[in-house]
Amino acid sequence: MKIIDILNSGSRSLSFEVFPPKTGETYDKMKYVSYKIAELHPSFMSVTYGAGGGTSQYTVDIAKGIKSVGENVIAHLTCVSSTREHVRNMLDAYQECGIENILALRGDIPEGFNYDEMQYRYASELIYEIKDHGGDFCIGGACYPEKHPEAASSREDIQNLKTKVDAGCEFLTTQMFFDNDVYYNFLYRLREAGVEVPVIAGIMPITHPSQIGKVLDISKTALPQRFLRIVDTFGDSPQTMRQAGIAFATEQIIDLFANGVNAVHVYSMNKPDVAAEIQANVSAIIGK
């Protein structure tokens with residue numbers, strides 16, 4: 001099923017992300033994790049893609065496996081350090097597996113990478129490539145509620161998102177955020193600029209203080225004082241911090257649903273137990 005059809009159905013959706021292993025040694029464990037999350041029957045699952053396509057075959061295999069057990073899946077595809085030939089080969093592989101949905105991403109620029117060697121500079125160029133390839137893929141894109149770190153201004157950032165949408169992006173998924181007002185403000189500015197595609201809210205439960213540094217590096221988000229107080233109070237106890245982190249994420253999700261946001265995507269960090277607890281916390285709300 002295409003993600004855009006899920007988003008346009010009017011029903012509340014809760015989806016989860018998994019990321020493939022960096023080496024074959026952990027593939028079986030990752031496959032197990034994927035299937036455990038699939039047993040929750042989320043609205044869909046997304047499978048990430050390593051920089052430069054380093055885990056591309058694992059992405060294909062895991063996405064294919066999720067689809068084989070009857071679950072909706074979207075596979076990521078990054079382009080910044082890929083050749084056009086590699087991107088086309090990946091599109092062929094997705095098409096052969098029956099993957100209907102692709103999250104088209106530029107990806108992080110590797111340190112020391114020669115800009116002159118880039119065959120793709122922006123996600124919009126990848127979206128054009130996917131549309132030109134055929135295959136009738138449903139294409140999604142990423143966005144930063146607090147502005148892409150490389151954009152000169154919020155206005156420029158939103159204009160770049162509009163370029164993505166004009167290229168064929170059918171929906172957007174946000175980077176993680178911890179203050180829902182940031183999302184609501186972002187959504188208002190998008191609509192004011194004429195960007196009308198669905199915007200899935202990305203939520204990440206912080207279950208251990210060690211996650212915070214990586215989260216800040218990836219998302220460039222700001223942590224609200226109420227969350228920092230949770231970390232200060234409960235961060236020394238793994239069990240307590242886990243419970244508090246899940247509770248905080250659940251509260252965010254309930255607030256989003258209560259304010260008419262029907263699509264939430266959880267960055268579950270390959271933790272089936274965390275995904276299961278969050279889904280259980282909102283089961284009646286999403287009709288599970």
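Preceding block: the structure.
Computed from a predicted structure; not experimentally measured. (Residues numbered from 1 in each chain as written. Predicted model: local features only at pLDDT ≥ 70, side-chain atom pairs only at ≥ 80, totals over all residues. Heavy atoms only, no water.)

## Observations concerning the nonpolar core
In this structure, Leu77, Tyr94, Leu172 and Ile253 are the most contacted members of the largest nonpolar core, which totals 65 residues. It is helix α4 (residues 84-97) that contributes the most residues to this core, six residues altogether. Beyond its immediate chain neighbours, meaning those up to four positions away, Ile253 contacts Leu14, Ile203, Val264, Val266, Ile278 and Val282. (Core = buried A, V, L, I, M, F, W, Y, C linked by side-chain atoms within 4.5 Å. Buried < 20%, exposed > 50% of the residue type's maximum accessible area, 1.4 Å probe, protein only. Helix = DSSP H or I, 4+ residues; strand = E, 2+ residues; numbered from the N terminus. Contact = heavy atoms within 4.5 Å.)

## Some words on the side chain of Thr59
When you line up the elements, Thr59 lands in helix α3 (residues 56-68). On the accessibility criterion, Thr59 (0% relative accessible area) is buried. Each residue touching Thr59, except ones within four places of it in the same chain, is listed here: Pro20, Val47, Thr48, Tyr49, Ala75, His76 and Tyr94.

## A word on the sheet that holds strand β2 (residues 45-47)
Reading around the circumference, β1-β2-β3-β4-β5-β6-β7-β8 is the order of the eight strands in this closed barrel, with parallel pairing throughout. Along the sheet, successive strands turn relative to each other by an average axial angle of 30°, direction set aside. Relative to strand β8 (residues 263-266), strand β7 (residues 199-203) is paired through three bridges, and the arrangement is parallel. Looking across to β8, one finds that Ile203 is bridged to Val266. Each of β3 (73-78) and β4 (101-105) touches α4; the most contacted strand, β3, lies at about 170° to it. Against the sheet, helix α7 (residues 180-192) engages β5 (138-143), β6 (171-174) and β7, with an angle of about 160° to β7. (Pairing = 2+ DSSP bridges. Axes fitted to C-alpha atoms, helices over the stretch in contact; angles between N-to-C directions.)

## Some thoughts on the pattern of salt bridges
All chains considered together, the criterion is met by nine salt bridges. With its nearest N and O atoms 2.6 Å apart, the salt bridge here joins Arg242 to Glu277. Placement of Arg242 in helix α10 (residues 238-258) and of Glu277 in helix α11 (residues 272-281) is noted, with a sequence separation of 35 residues between them. Overall, the relative accessible area of 23% leaves Arg242 in the partly exposed class. By relative accessible area, Glu277 is classed as partly exposed at 32%. When salt bridges that share partners are traced, they join Arg84, Arg88 and Glu129 into one network. (Salt bridge = Lys/Arg side-chain N within 4 Å of Asp/Glu carboxyl O.)

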